[in-house]
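Structural characterization, general
Single-letter residue listing:
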Amino acid sequence: MARARKVFFRRRKVCKFCADKIDYIDYKDVKLLQQFIPERSKILPRRISGTCARHQRPLQQAIKRARHLALIPFTTD
Amino acid sequence: MRTYELMFVVDPRVADEDVVTMTNDYKNMITTAGSQITSEENWGRRKLAFPIEKLNEGKYVLLYVSSETGTTALPAVEHRMRQNDKILRYLTVRTDEDLKRAARKHPVTPGTASQSGAGEERDADAGSDIESEEGEA
């Protein structure tokens, strides 16, 4: 049974920033950042988005900067 | 050389002309201190993601500053913005280090084309693996 489960195919996640070769994550790029803030406006965790640690850090920083300027929300109510 | 971005959000009830005079004020402070304004963007009226001081919109202005010496009037400008209650938000970011790092990582060279080709090969291999797994099942 355990073997049968293993066969289940999961798509391999790839870091979007590595794939698209985006090295400078701009806090002004709302469209890009919005892909990483789901419904509740929380920052999408790495384990879900597949972003690598090297890019998650500047992404997190960019999202926080954008929030400060009210470009993207902190929460949705 | 250091480069900075200075973005601020102005109360939407302030007239466009007054926003311009305000920005000119700040620009003068920066240039008299020996830095340059490399470019400027006026985003105009934009909806805020959440209300600030019960306002739902704001006027966004963005200044790009570069300084040869590394000393700028930016702390003084920030101080002025803090005291001005027509400024809802401001943010200064130093950008030269991050931009330089980004440029070093992916310099525009013709060699990058061959790298992407290698990546495609790896993808093809992964595809065949899946097929064999399905065969086992």
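Note that the structure is a prediction, hence the values are computed from the model and not measured.

Scanning chain A for helices and strands turns up five helices and zero strands. Put simply, chain A runs from its N terminus to its C terminus through helices and strands in the order α-α-α-α-α. Across its three principal axes, chain A shows a C-alpha extent of roughly 50 × 35 × 15 Å. In chain A, the share of contacts with a sequence separation of at least 24, taken over all contacts with a separation of at least 6, comes to 69%.

Quick look at the overall build of chain B now. Helices and strands together make up the secondary structure of chain B, namely four helices and four strands. Reading chain B from its N terminus to its C terminus gives the helix and strand order β-α-β-β-α-β-α-α.

Glancing now at the interface of chain A and chain B. The interface is formed by 14 residues belonging to chain A together with 18 residues belonging to chain B. Here the side of chain A that touches chain B is built from residues that sort into ten nonpolar, one polar and three charged.

Of all hydrophobic cores here, the largest spans 31 residues; its most connected members are Ala 62, Ile 63 and Ala 66 of chain A together with Phe 8, Val 9 and Val 10 of chain B. Here this core gets five residues from one element, more than from any other, and that element is strand β1 (residues 2-10) of chain B. Those residues in contact with Ala 66 of chain A that sit more than four places away from it in its chain are Tyr 27, Val 30, Leu 33, Leu 71 and Ile 72 of chain A.

It is worth spelling out the sheet that holds strand β4 (residues 87-94) of chain B at this point. Residue and element names in this part refer to chain B. Pairing in this open sheet of four strands is antiparallel, and the strands run β2-β3-β1-β4 from one edge to the other. Two strands lie at the open edges of the sheet, namely β2 (36-52) and β4, each paired on one side alone. Within this sheet the neighbouring strands show an average axis-to-axis angle of 20 degrees, counted without direction. Pairing between β1 and strand β3 (residues 55-67): nine bridges, direction antiparallel. Bridge assignment links Val 10 to a residue of β3, and that residue is Lys 59. Strand contacts of helix α1 (residues 16-32): β1, β2 and β3, with the helix running at about 25 degrees to β3, the strand carrying the most contacts.

A separate point is the environment of Asp 11 of chain B. All names here are of chain B. Within the secondary structure, Asp 11 is located in the loop between β1 and α1. Classification of Asp 11 as partly exposed rests on a count of 18 C-beta atoms within 10 Å. Separated by 54 residues in the primary sequence, Asp 11 and Val 65 place their C-alpha atoms 23 Å from one another. Not counting residues within four places of it along the chain, the set of residues in contact with Asp 11 comprises Leu 55, Lys 86 and Leu 88.

Below, the discussion takes up the pairing of β2 of chain B. Bridging between β2 of chain B and β3 of chain B involves eleven bridges; their strand directions are antiparallel. Within β3 of chain B, the position partnered with Ile 52 of chain B by the bridge is Leu 55 of chain B.

Moving on to the confidence of the model for chain A. On average, chain A scores 88 in pLDDT, and the residues at 70 or more come to 92%. Within chain A, the element-level pLDDT minimum falls on helix α1 (residues 2-6) of chain A, averaging 57, and the maximum on helix α5 (residues 53-68) of chain A, averaging 94.

Further remarks concern unusual backbone geometry. Of note, Ser 41 of chain A is a non-glycine position whose phi angle comes to about 65 degrees, a positive value. The residue Ser 41 of chain A is located in the loop between α3 (30-34) and α4 (46-49) in this model. Its identity as a non-glycine residue notwithstanding, Lys 54 of chain B has a phi of 65 degrees, on the positive side. Position of Lys 54 of chain B among the secondary structure elements: in the loop between β2 and β3. Its 5 C-beta neighbours within 10 Å are what place Lys 54 of chain B among the exposed residues.

Quick look at the confidence of the model for chain B now. Residue and element names in this part refer to chain B. Looking at chain B, pLDDT values average 80 and 77% of them are 70 or higher. Counting interchain partners and residues more than four positions distant, the pLDDT-below-50 stretch residues 109-137 has four contacts. For this predicted complex, the interface confidence comes out at an ipTM of 0.75, alongside a pTM of 0.75.

Conventions and cut-offs
Residues numbered from 1 in each chain as written. Chains lettered and ligands numbered in written order. Predicted model: local features only at pLDDT ≥ 70, side-chain atom pairs only at ≥ 80, totals over all residues. Helix = DSSP H or I, 4+ residues; strand = E, 2+ residues; numbered from the N terminus. Contact = placed C-beta atoms within 7 Å. Nonpolar A, V, L, I, M, F, W, Y, C, P; charged D, E, K, R; others polar. Core = buried A, V, L, I, M, F, W, Y, C linked by C-beta atoms within 7 Å. Buried ≥ 20, exposed ≤ 12 C-beta atoms within 10 Å, placed from the backbone. Pairing = 2+ DSSP bridges. Axes fitted to C-alpha atoms, helices over the stretch in contact; angles between N-to-C directions. pLDDT = per-residue confidence, 0-100.

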